[in-house]
There are 2 protein chains.
Amino acid sequence: MVAKAHGTAVLVGQLEVGGRAAGLEHPVMLSGRPTTVQCVPDTPPPARQAVGIDVVAVGSAIVDVLAETEDQVLGRLGLVKGTMALVDSASADRLYRAMGPAVEASGGSAANTVAGVASLGGSAAFIGRVRDDQLGAVFAHDLRAAGVRFTTPAATSGPATARCLIFVTPDGERTMNTHLGAAACLEPEDIDAGLIADSRLVYLEGYLWDPPQAKQALRRTVALARETGAEVALTLSDPFCVERHREEFLELIDSGVGVLFANAVELTSLFQVGGLDQALGLVSSRCSVAAVTRGPAGSVVVAGDQVLAVDAHPVERVVDTTGAGDLYAAGFLLGLARGVALERCAQLGGLAAAEVIGHLGARPLVPLEALAAEAGLLEPTAGGRRAAGRGP
Amino acid sequence: MVAKAHGTAVLVGQLEVGGRAAGLEHPVMLSGRPTTVQCVPDTPPPARQAVGIDVVAVGSAIVDVLAETEDQVLGRLGLVKGTMALVDSASADRLYRAMGPAVEASGGSAANTVAGVASLGGSAAFIGRVRDDQLGAVFAHDLRAAGVRFTTPAATSGPATARCLIFVTPDGERTMNTHLGAAACLEPEDIDAGLIADSRLVYLEGYLWDPPQAKQALRRTVALARETGAEVALTLSDPFCVERHREEFLELIDSGVGVLFANAVELTSLFQVGGLDQALGLVSSRCSVAAVTRGPAGSVVVAGDQVLAVDAHPVERVVDTTGAGDLYAAGFLLGLARGVALERCAQLGGLAAAEVIGHLGARPLVPLEALAAEAGLLEPTAGGRRAAGRGP
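Residues numbered from 1 in each chain as written. Chains lettered and ligands numbered in written order. Predicted model: local features only at pLDDT ≥ 70, side-chain atom pairs only at ≥ 80, totals over all residues. Heavy atoms only, no water.

### Overview of the overall build of chain A
A count of helices and strands for chain A gives 12 helices and 17 strands. For chain A, restricting intrachain contacts to residue pairs at least 6 apart in sequence, the fraction spanning at least 24 positions comes to 75%. (Helix = DSSP H or I, 4+ residues; strand = E, 2+ residues; numbered from the N terminus. Contact = heavy atoms within 4.5 Å.)

Written out as structure tokens, the structure reads:
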């Protein structure tokens, strides 16, 4: 039931992202006939003032520690390749001691996504908690230097800024071990209602569902978004994360998530079904749009009864897949904020993901806006919003 | 007067690195006639026990903060391209705010050198001061993970671990701004006499001459090396560093430095002469060996009345010259410790430098020992000393 789309003429689905005032309209063309699909029929967005921020993300504020590692080391350390595990301070220290020489680079799934949105020329903000320590300063610097607004105050006591120990194997696959530290201390009070009100899209990181008070912060975010008419997007983050929180994720989605990001394993796990087609059928009744990544096979977008397969962007060499899903979400969300067709949203996601897997680290090294313009996927912003700098 | 050497048959100079017990002999071949040159005639090394460490370095313990930067940004920030400037905490903060998204990687000139020695299969140790903070932990981890012994206790009070803000321009040139922090707090008491006694070569970083108590630590190192018969090597580090300390550097050299590393600008500045040939003539009467780097033109080695030019190792693309001199010293020192001919020492230096300028960051990403073996420059160590891991 997955229809393969070629070329640029196929426009499917519609997403109302509170865009009336912002001039966002998604014309829908089904079989050549213009029509309209109301994607969030039971929650019509209130008339909104013009909003200034394309995407605000709520997520874990994490500094990545990346080291290239041989496969056999993973086995010796008891790590499951390709997954993310939460580890306590003692385990993090043990794994760090076993790790080779590393580099540090700011990370965090949703933070990577908004860095990508900014690099694509969008306006972006981030809500997440660091400690007032050296790695916290590194995280804040890198995000702001990428052009993302970040004003959540650093914790002045409690655990240190979160670290993610990332073992990158020669095939480019990454195995992550996260010590959440201060990131787990995000509180409902940290969710800046003004920021939510000023944003088109609110993006939630599933990983944050693990720490109880951060979960409350996510719930408050959804409530605020409903009040102000911002569209809510959620990433399921990780198959193990879905295992841990399946029922609550389904409740969260039903409470007002319009856009869902997942990979095939996460989506089939969410619905406890064996096949992707079955999962796609189930997700379409719960979200306006679901964007499902399939690695080298590209992505599938579901909106109403439309299912659209989009090819992956070509990649010369996969160096490190860290951040692939995060950057796919960045491109997709920026596309939604700009009101482009869903196919192009998925292509923008693919382009952003392709850049980030071509080098070590989870954030773009070149301005994605220029890449997207070259590829004919995006009109450059007039006057030029600040895009992410040429990070190393 | 620089003679160009081709092929592998030209062996010049001899260096006694306290190697009698360790079996180090440098056969010297002048015009096809074997001979012997006593390089440190006024300080014959005492008979020594077999030593366990090839190179111990005394230097600044620094974490690099690297960001790619356009040339015009340097001008706007008032930075002199290609140099190292010492900056106070306020200037470091100002420059960091102006910097794009960055990555952190352990650095420090002499620390990079011993990381390179370990990567070449040598045994290496480092003496330098960090603070007990997050970046201090990163520095210690990366050095130990590279196989370098590092036991200097972290400071429990005082300034934070040193940072070097490195702006890398598109031509691969780097402009460095160092806030010395805890690295400046190295004291004479930190110089582990046992470590010096157990080492063939002691390598001193000229940068450390700036902080007064660290200077005393270097002087104590030279005194200990004289007592135990270890050979002392010094790098002049930077032209501005030479400007600041010209007279004291000359005194230090005369007090017992056998091996001098410099680039052409530093060496001519040291002797306040206009041309490299003149400087080479002057250095030969003060040191057993001087190795002078000339960027893409390779290096010149002076030993007694011998002057030997060695080509640079080919490089596909220069990405970031940070660490080029440090790694040249690594290869050269490892060669000296192994007792290979000076030409090969310079070739090993060139090979190590070529690897490190091909990527961002100042430490090798692949085991240099394997590269050197492939290039026919080094026999791999039997049984395998621990080489640096595959860092990212």
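### Some remarks on the packing of aromatic side chains
Residues and elements named next belong to chain A. Evaluation of the coordinates by the stated rule reveals 16 aromatic pairs over all chains. Measuring from ring centre to ring centre gives 5.8 Å for Y203 and F261, while their planes differ by 80°; the resulting arrangement is edge-to-face. Of this pair, Y203 sits in strand β12 (residues 199-205) while F261 sits in strand β14 (residues 259-263); the two residues are 58 residues apart in sequence, bridging distant segments of the chain. With relative accessibility at 1%, the residue Y203 sits in the buried group. Counting every residue linked through ring pairs, the aromatic cluster contains Y203, F261, Y328 and F332. Note that R163 overlies the ring of Y96, its terminal NZ or CZ placed 5.8 Å from the centroid. (Phe/Tyr/Trp six-rings, centres within 6.5 Å; stacked < 30°, edge-to-face > 60°. Buried < 20%, exposed > 50% of the residue type's maximum accessible area, 1.4 Å probe, protein only. Lys NZ or Arg CZ within 6 Å of the ring centre and 35° of its normal.)

### Observations concerning the interface of chain B and chain A
Contact with chain B, which involves 29 residues of that partner, is made by 29 residues of chain A. Together, the buried faces of chain B and chain A total about 2,600 Å²; carbon and sulfur atoms form 55% of this surface. Inspection of the region where chain B meets chain A yields 12 residue pairs in polar contact (both at pLDDT 80 or more). If you list the elements that add at least two residues to the side of chain B that touches chain A, you get β5 (62-68), β7 (103-107) and α4 (134-145) of chain B. The biggest single contributor to the side of chain B that touches chain A is α4 of chain B, with 7 residues. Considering only residue class, the side of chain B that touches chain A consists of 17 nonpolar, 6 polar and 6 charged. Sheet topology places strand β7 (residues 103-106) of chain A next to β7 of chain B; 3 bridges connect them, and they run antiparallel. Bridged to E104 of chain A within β7 of chain B is E104 of chain B. (Buried area = accessible area lost by both parts, 1.4 Å probe. Polar contact = N/O pair within 3.5 Å; in protein donor to acceptor, adjacent residues only side chain to side chain. Nonpolar A, V, L, I, M, F, W, Y, C, P; charged D, E, K, R; others polar. Pairing = 2+ DSSP bridges.)

### Things to note about the confidence of the model for chain A
Residue and element names in this part refer to chain A. With 84% of its residues at a pLDDT of 70 or more, chain A has an overall mean of 87. Taken together, the stretch residues 383-392 has pLDDT below 50 and engages in 37 contacts with residues farther than four places along the chain or on a different chain. Model confidence for the complex: the whole-complex pTM is 0.85, and ipTM, which rates the interface, is 0.83. (pLDDT = per-residue confidence, 0-100.)

### Description of the side chain of D142 of chain B
Within the element layout of this structure, D142 of chain B appears in helix α4. Lacking a salt bridge, the buried D142 of chain B has R363 of chain B as its closest oppositely charged neighbour, with an N-O distance of 5.5 Å. If we skip the residues at most four places from it in the chain, D142 of chain B touches Y96, P101 and A102 of chain A together with S106 and R363 of chain B. (Lys, Arg positive; Asp, Glu negative; His and termini not counted. Salt bridge = Lys/Arg side-chain N within 4 Å of Asp/Glu carboxyl O.)

### Let's talk about the relation of the copies chain B and chain A
Each of the two chain copies goes to the other by way of a rotation about an axis and a shift along it. Mapping chain B onto chain A calls for a screw motion: a turn of 180° about the axis and a shift of 0.0 Å along it, with 0.0 Å RMSD after fitting. The two molecules are tied by a two-fold rotation axis, judged by turn and shift. No C-alpha of chain B lies nearer the rotation axis than that of E104 of chain B, which sits 2.4 Å from it. When the interface residues of chain B are mapped onto chain A, 100% of them again lie at the interface, so the same face is used by both copies. (Least-squares fit on C-alpha atoms with pLDDT ≥ 70 in both.)

### What about the pairing of strand β16 (residues 299-303) of chain B?
Residue and element names in this part refer to chain B. With 5 of its 5 residues buried, β16 lies for the most part within the structure. Where burial is concerned, the two faces of β16 agree: the one with S299, V301 and A303 and the one with V300 and V302 are both buried. The antiparallel pairing of strand β15 (residues 289-293) with β16 creates a hairpin that spans 5 residues between the two strands, and G295 there sits at a positive phi of about 60°. The sheet contact formed by β16 and strand β17 (residues 306-310) spans 5 bridges and is antiparallel. Bridging from a neighbouring strand, V300 pairs with A309 of β17. Between the antiparallel neighbours β16 and β17 lie 2 residues, among them G304 with a positive phi of about 60°.

### Regarding the nonpolar core
Core analysis: the largest hydrophobic core is formed by 120 residues, its most contacted members being L260 and L267 of chain A together with L260 and L267 of chain B. L267 of chain A has contacts with L236, L260, A262, L276, A279, L280, V283 and V292 of chain A, leaving out every residue within four places of it along the chain. (Core = buried A, V, L, I, M, F, W, Y, C linked by side-chain atoms within 4.5 Å.)

### Observations regarding helix α2 (residues 89-98) of chain B
Listed as buried for α2 of chain B are A92, L95 and Y96 of chain B. Projected down its long axis, α2 of chain B shows its buried positions confined to an angular sector of 100°, all on one face. Seen from the open side of α2 of chain B, the exposed residues pointing more than 90 degrees away from its buried face are A90 and R97 of chain B. Contacts from the buried residues of α2 of chain B go to α4 (134-145) of chain A together with β5, α1 (71-77), β7, β10 (162-168) and β11 (174-179) of chain B. (Arc of directions from axis to C-beta.)

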